[in-house]
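Coordinate analysis (summary)
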Amino acid sequence: MTTRVWDYLAEYEAERLDILDAVETVFNSGQLVLGGSVRGFEAEFAAYHGVGHCVGVDNGTNAIKLGLQALGIGPGDEVITVSNTAAPTVVAIDSTGAVPVFVDVRADDFLMDTSQVEAAITRRTRCLLPVHLYGQCVDMAALTELAARHGLAILEDCAQAHGARQGGTPAGTTGDVAAFSFYPTKVLGAYGDGGATITSDESVARRLRRLRYYGMEERYYTLETPAHNSRLDEVQAEILRRKLGRLDAYIAGRRAVAQRYADGLADTGLELPRTVPGNDHVYYVYVVRHPRRDDIIGRLKAYDIHLNISYPWPVHTMTGFAHLGYATGSLPVTEALAAEIFSLPMYPSLSQDLQDKVIHAVREVLATL
């Protein structure tokens, strides 16, 4: 049986009747765009995080983009973030006309090195954009202090951190705005694209609602541009409402898989994920590190195990971002990680048999290196 990093079929089989009922609920509602399912999900997702507002959008990239625009970030402004992230984080910044500015990550947990942020701040810096990578939070206390001292906004990229906490505080509730993706692989995933922003600032939320709907508050009258159609779909919203009630169970399942890996691979020489003290990790992906990463991935294919690398190319090394002017070697930790990290299969419906298969195969491969 082929084993991949992510698969939804077992979960779908278990939840099939509820998912199909969600679709029927929408189709029978008489309203297919920005109806009761979107409003209901927004209210419930905001309540889950203890914030005042959630604005559903069409994907996580636009959740970041519209969040930045709602904060007034635009052409010429600088946004400090990391290069060890999925490209959409930086695509979203770039699409506002703002300039992404990178700091390196830490070698032990792969998260933003907040000690480097202050040196990157210039008179053009307007926003700090931490990426809560792989399922746990960046040091938000350090960023909050810097933002307050320099008069900067904070937008949290929570695409990989649904349900994560730091010191008991939910990811996405410390900054001014947080952006979430509901891409199917996520901890809380839809059956297609989807995203959301959350905030406790009513004026920011009001602007977000305009920006996702052609700049309108009333139909046919645009109040501001640039704005586009970035609405969350009613069907995906209703599916997310159902799945939100199971989010904590999904997280528990992921943590159980992570613990089984930790127990089974502890003595292998593979560098396993480190949870930062005070963080509650949700294990969106289970990222490990080894200097012979490519050999390991290649040999595991003989066991019909196909793994993933998150991420093989740091954003600053991509030709699409060559205009930013970052030379090879400018972010040494990020670049070293890109050559050595890879992800083991991780999703809550991953059976114990498949977990054992992965552990056994990885141990066998490592023993032959």
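Placed above this text is the structure.
These lines cover the structure that appears in this document, whether it is placed above or below. (Residues numbered from 1 in each chain as written. Predicted model: local features only at pLDDT ≥ 70, side-chain atom pairs only at ≥ 80, totals over all residues. Heavy atoms only, no water.)

Judged by how many residues are buried, helix α8 (residues 234–244) sits mostly within the fold: 10 of 11 residues are covered. Every buried residue of α8 is listed here: E234, V235, Q236, A237, E238, I239, L240, R242, K243 and L244. In this fold, the buried residues of α8 make contact with α1 (9–27), α2 (36–49) and α9 (247–265). Residue D233 occupies the N-cap position of α8, its side-chain oxygen lying 2.9 Å from the main-chain nitrogen of V235. (Buried < 20%, exposed > 50% of the residue type's maximum accessible area, 1.4 Å probe, protein only. Helix = DSSP H or I, 4+ residues; strand = E, 2+ residues; numbered from the N terminus. Contact = heavy atoms within 4.5 Å. Polar contact = N/O pair within 3.5 Å; in protein donor to acceptor, adjacent residues only side chain to side chain.)

A general feature of soluble globular proteins is that nonpolar side chains tend to end up buried together. Of all hydrophobic cores here, the largest spans 78 residues; its most connected members are F41, F45, L68, L128, L155 and F182. Ignoring anything within four residues of it in the chain, the contact list for F182 reads F41, F45, H162, L188, G189, A190, G192, G194, G195, A196 and L240. Formed by 27 residues, the second largest nonpolar core is a distinct cluster that contains L265, Y286, V288 and I305. (Core = buried A, V, L, I, M, F, W, Y, C linked by side-chain atoms within 4.5 Å.)

Take the sheet that holds strand β10 (residues 195–199) next. Pairing within the open sheet is mixed, and its 7 strands lie in the order β2-β10-β9-β6-β5-β3-β4. If you trace the sheet from one side to the other, it starts and ends with β2 (53–57) and β4 (99–103), each paired once. The mean angle between the axes of side-by-side strands here comes to 25°, regardless of whether they run parallel or antiparallel. Pairing geometry for strand β5 (residues 125–128) and strand β6 (residues 153–157), over 2 bridges, is parallel. Its bridge partner lying in β6, C127 is registered against A153. Strands in contact with helix α6 (residues 140–150) are β5 and β6; relative to β6, the strand with the most contacts, it is inclined by about 155°. (Pairing = 2+ DSSP bridges. Axes fitted to C-alpha atoms, helices over the stretch in contact; angles between N-to-C directions.)

Among the 5 residues that make up strand β3 (residues 78–82), 5 are buried, leaving the element largely enclosed by the rest of the structure. Across the two faces of β3 the burial is the same, with E78, I80 and V82 and V79 and T81 all buried. Here β3 runs beside β4; their pairing, made up of 5 bridges, is parallel. Following the sheet pairing, V79 is matched in β4 by P100. The parallel pair β3 and β4, bridged by helix α4 (residues 87–95), forms a crossover whose chirality is right-handed. Bridge analysis of β3 against β5 gives 3 bridges, and the strand direction is parallel. (Right-handed = clockwise from strand over helix to strand, strands pointing away.)

Once that is clear, we can look at the sheet that holds strand β7 (residues 165–166). Two orientations exist for strands paired in a sheet by backbone hydrogen bonds: parallel and antiparallel. With antiparallel pairing, 3 strands are arranged side by side in an open sheet as β8-β7-β13. The open sheet terminates on both sides in strands that have one partner only, identified here as β8 (169–170) and β13 (279–280). Here 2 bridges tie β7 to β13, and the two strands are oriented antiparallel to one another. Bridging from a neighbouring strand, R165 pairs with D280 of β13.

To continue, consider the environment of T222. As for its position among the elements, T222 is in strand β12 (residues 221–222). Here T222 falls in the partly exposed class, since its relative accessible area comes to 38%. C-alpha separation for the pair T222 and R210, spaced 12 residues apart in sequence, amounts to 8.5 Å. Once residues within four sequence positions are removed from consideration, T222 is found in contact with Y214, G215 and M216. A distance of 3.1 Å separates a polar side-chain atom of T222 from the backbone oxygen of Y214.

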